[in-house]
Amino acid sequence: MKMIKVLRGLGLFLFSLSLLLGPSTFADDDANSAVDAIAAAAEEADAESLDDKINSAVGPATKLIETVVFWAIPIAGQDVPFVLIWLVVGAIIFTVYFRFINIRGFKLALDIVRGKYTDPNETGEVSHFQALTAALSGTVGLGNIAGVAVAISLGGPGATFWMVLAGFLGMSSKFVECTLGVKYRQIDETGTTYGGPMYYLSRGFAEKGFLKFGKVLAVFFAIVCIGGSLGGGNMFQINQAYVQFVGVTGGEASWWAGKGWLFGLIVAVIVGMVIIGGIRSIARTTSKIVPFMCGIYVVAAIVILFANFGQIPSAFGQIISGAFSGEAIGGGVIGVIIQGFRRAAFSNEAGIGSASIAHSAVRTENPASEGLVSLLEPFIDTVIVCTMTALVIIITGTWTDAEEMGGVGVTSAAFESVISWFPLILAVAVILFAFSTMIAWSYYGEQSWVYLFGRSEKSKLVFKVLFCFFVVVGAAMSLSNVIGFSDAMIFAMCFPNVIGLYFLMPKAREELDNYMGKIKDGTIKRID
């Protein structure tokens, strides 16, 4: 009965929201023209006042949390966010500790994804490839399109070099967290898996005799993960997808202009249809969407690069020289490094811990096997997709106008400079990126939710309904403070997570040595 009341209340709220945000699309235009005119006149004022009220309510808390999470340390005259230092230093330590696993494990990772060392009868819910695409769907997104443009506009072409380097180092962080995610996961009697930082923080620390400390870290992680899921992994994604969709369908003259609630409602229904089936349904969807969306975006970028083939050597020259000179860029070399590292950290989320939740559902009895697969994630996200975006922006020269056009606008202008209808392809990519990110983060949020509130089907359904509700809210509103709050929540996840990685990395190395030993002595056979 409680669930029925929740659903009924949600339905009434959505109906009320439709009345506030715009006239019904099913109304008779002639009979209701006067009502429509009044509603249209009041629509913007009502929406703005609602936005303002929400922004005002959460503003003070947002500023406080952002100040704490993005606390900056002055280095060479530049304010460097401590969270960035925390992530990059951790990535360097993990790379050295695991003897450059991001290089020596790369070929083996590709073989595992291709099924060369896979036993389909092992415990778990999804294949290595499906786990990889599910995690990639949460990281390959708008940051690869808009964020790169902003980084280059602030740090110059040289920021690309440091972005790639940070992505390369982040591969090691992914390896550690995803190996531990599988090692400490739990599987119930129905075969459903539960994993991620919540479990390796609580169970791993308990093994060392620090039960309470591990539990505190796990609960903190779960709380901020839910906040990040509903905000940055949901509202921000749908809001930007709606803006891009309206832009390519006529802008202010588009029929969709002012109907964000309707766009959000349609997407919410589609998202709900996918996430209701859990990780298996999500993985089946992402295994099709991720290769397709990355494919169309990379192919479009390649077309632009071939159209400007003669300028490619010059672009690489600007990247290398700009990385170490920082000429005409605010902050010099330090400023360039900060922008590159910031974009990589915000893009691939290495060290955040979120991806280990998806990777924990893999079918394997060797945790290090999935850790190896996961190191491909920053490579695809940052080294390939972000670099392609950077080259396109540098070659076409649109990055110099970033202040006027904004992040997505810069990339869209770069696409349009070659073929006029290329922004349509970009719009498709943006919407697919947003959709895939939402369904991935719905799973991250759900796993954190059930860790805190129990694994019952009712508990899971409550979160899924809540998540879909926020899809509609995110499309209909411009909640700047809420988005700032959710971004801070996402990056707050790295503090307990990296502490756990430092504490438990010897366990990850034991798993790696054990797995490599099985391959070497033939216990795990290669399938050709």
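Quick note: structure is the one above.
Note that the structure is predicted; figures quoted are calculated from it, not measured.

**Q** Residue-level account of the overall build of the protein, with values.
**A** A tally of regular secondary structure across the protein gives 22 helices and four strands. A total of 528 residues make up the protein; the buried ones form 56% of that total. Look at the contacts in the protein between residues 6 or more apart in sequence, and 82% of them connect residues 24 or more apart. In the form shown here, the protein has an accessible surface area of approximately 21,500 Å², with 66% of it arising from carbon and sulfur atoms.

**Q** Tell me about unusual backbone geometry, and name the residues and values.
**A** Phi at R99 takes a positive value of approximately 50°, unusual for a residue other than glycine. One can find R99 in the loop between α3 (82–97) and α4 (101–104). The class for R99 is partly exposed, based on a relative accessible area of 43%. The phi dihedral of F100 falls on the positive side, at around 55°, and the residue is not glycine.

**Q** Let's hear about the nonpolar core: which residues, and what values?
**A** Counting 146 residues, the largest nonpolar core has V176, L372 and Y444 as the members making the most contacts within it. Residue contributions to this core peak at 17 residues, all from helix α19 (residues 422–453).

**Q** How would you explain empty space enclosed by the protein if you had to name every residue and give the values?
**A** Tallied over the entire structure, the rule returns two cavities of 30 Å³ or more. One number sums up the size of the largest cavity: a volume of about 110 Å³. In terms of lining, the largest cavity is formed by L87, V88, A91, A166, L169, G170, S173, F341, A344, A345, N348 and A350. Elements with a minimum of two residues in the lining of the largest cavity: α3, α8 (159–183) and α14 (332–348). Estimates place the volume of the second largest cavity at around 40 Å³. Lining the second largest cavity are F70, P81, V83, L84, L87, R342, A345, F346 and F491. Counting only elements with at least two residues in the lining of the second largest cavity, the list comes to α3 and α14.

**Q** Tell me about the packing of aromatic side chains, and name the residues and values.
**A** Taken as a whole, this structure holds 21 aromatic pairs when the rule is applied. A centroid spacing of 5.1 Å and a plane angle of 75° characterise the contact between W441 and Y444, whose relative ring orientation is edge-to-face. With a gap of three residues between them, W441 and Y444 both fall in helix α19, about one helical turn apart. In this pair, the class of W441 matches that of Y444, namely buried. A ring pair is formed by W449 and F463, whose centres lie 5.6 Å apart and whose planes are at 45°; its orientation type is tilted. Taken together, the positions of W449 in helix α19 and F463 in helix α20 (residues 457–476) put the pair 14 residues apart, joining distant regions of the chain. Summarising the burial analysis for this pair, W449 and F463 share the class buried. Among the aromatic residues, those joined into a cluster by ring pairs are W71, F82, W86, F94, F495 and Y502.

Criteria and thresholds
- Every chain is numbered on its own, with residues counted from 1 as its sequence reads.
- Selection of residues for local features in this predicted model requires a pLDDT of at least 70, selection of side-chain atom pairs for listing and counting requires 80 or more, and totals for whole chains, interfaces and linings are taken over all residues.
- Hydrogens and water molecules were not included; the side-chain quantities draw on all heavy atoms of the structure.
- Here a helix means four or more residues in a row that DSSP labels H or I, a strand means two or more in a row labelled E, and each is numbered from the N terminus.
- A 1.4 Å probe rolled over the protein chains alone gives each residue an accessible area, and that area as a share of the maximum for its type sets the label: buried under 20%, exposed over 50%, partly exposed in between.
- Residue contacts follow a heavy-atom distance rule, with two residues in contact if any of their heavy atoms lie within 4.5 Å.
- Per-residue and other accessible areas were derived by the Shrake-Rupley procedure at a 1.4 Å probe size, with only the shown protein chains allowed to occlude residues.
- Definition of nonpolar core: a set of buried residues of the types Ala, Val, Leu, Ile, Met, Phe, Trp, Tyr and Cys, connected through side-chain atoms within 4.5 Å.
- Using protein atoms alone on a 1 Å grid, points that fit a 1.4 Å probe yet trap it form a cavity, whereas open point sets bounded by protein on both sides within 12 Å along at least five of seven lines form a pocket; residues with an atom within 4 Å of a point count as lining.
- Grid points are joined across faces, edges and corners, and a volume is the space filled by probe spheres set on the points.
- Put simply, two rings from Phe, Tyr or Trp (the six-membered ring, in Trp's case) pair if the centres are within 6.5 Å, and we call them stacked under 30 degrees between planes, edge-to-face over 60, tilted for the rest.

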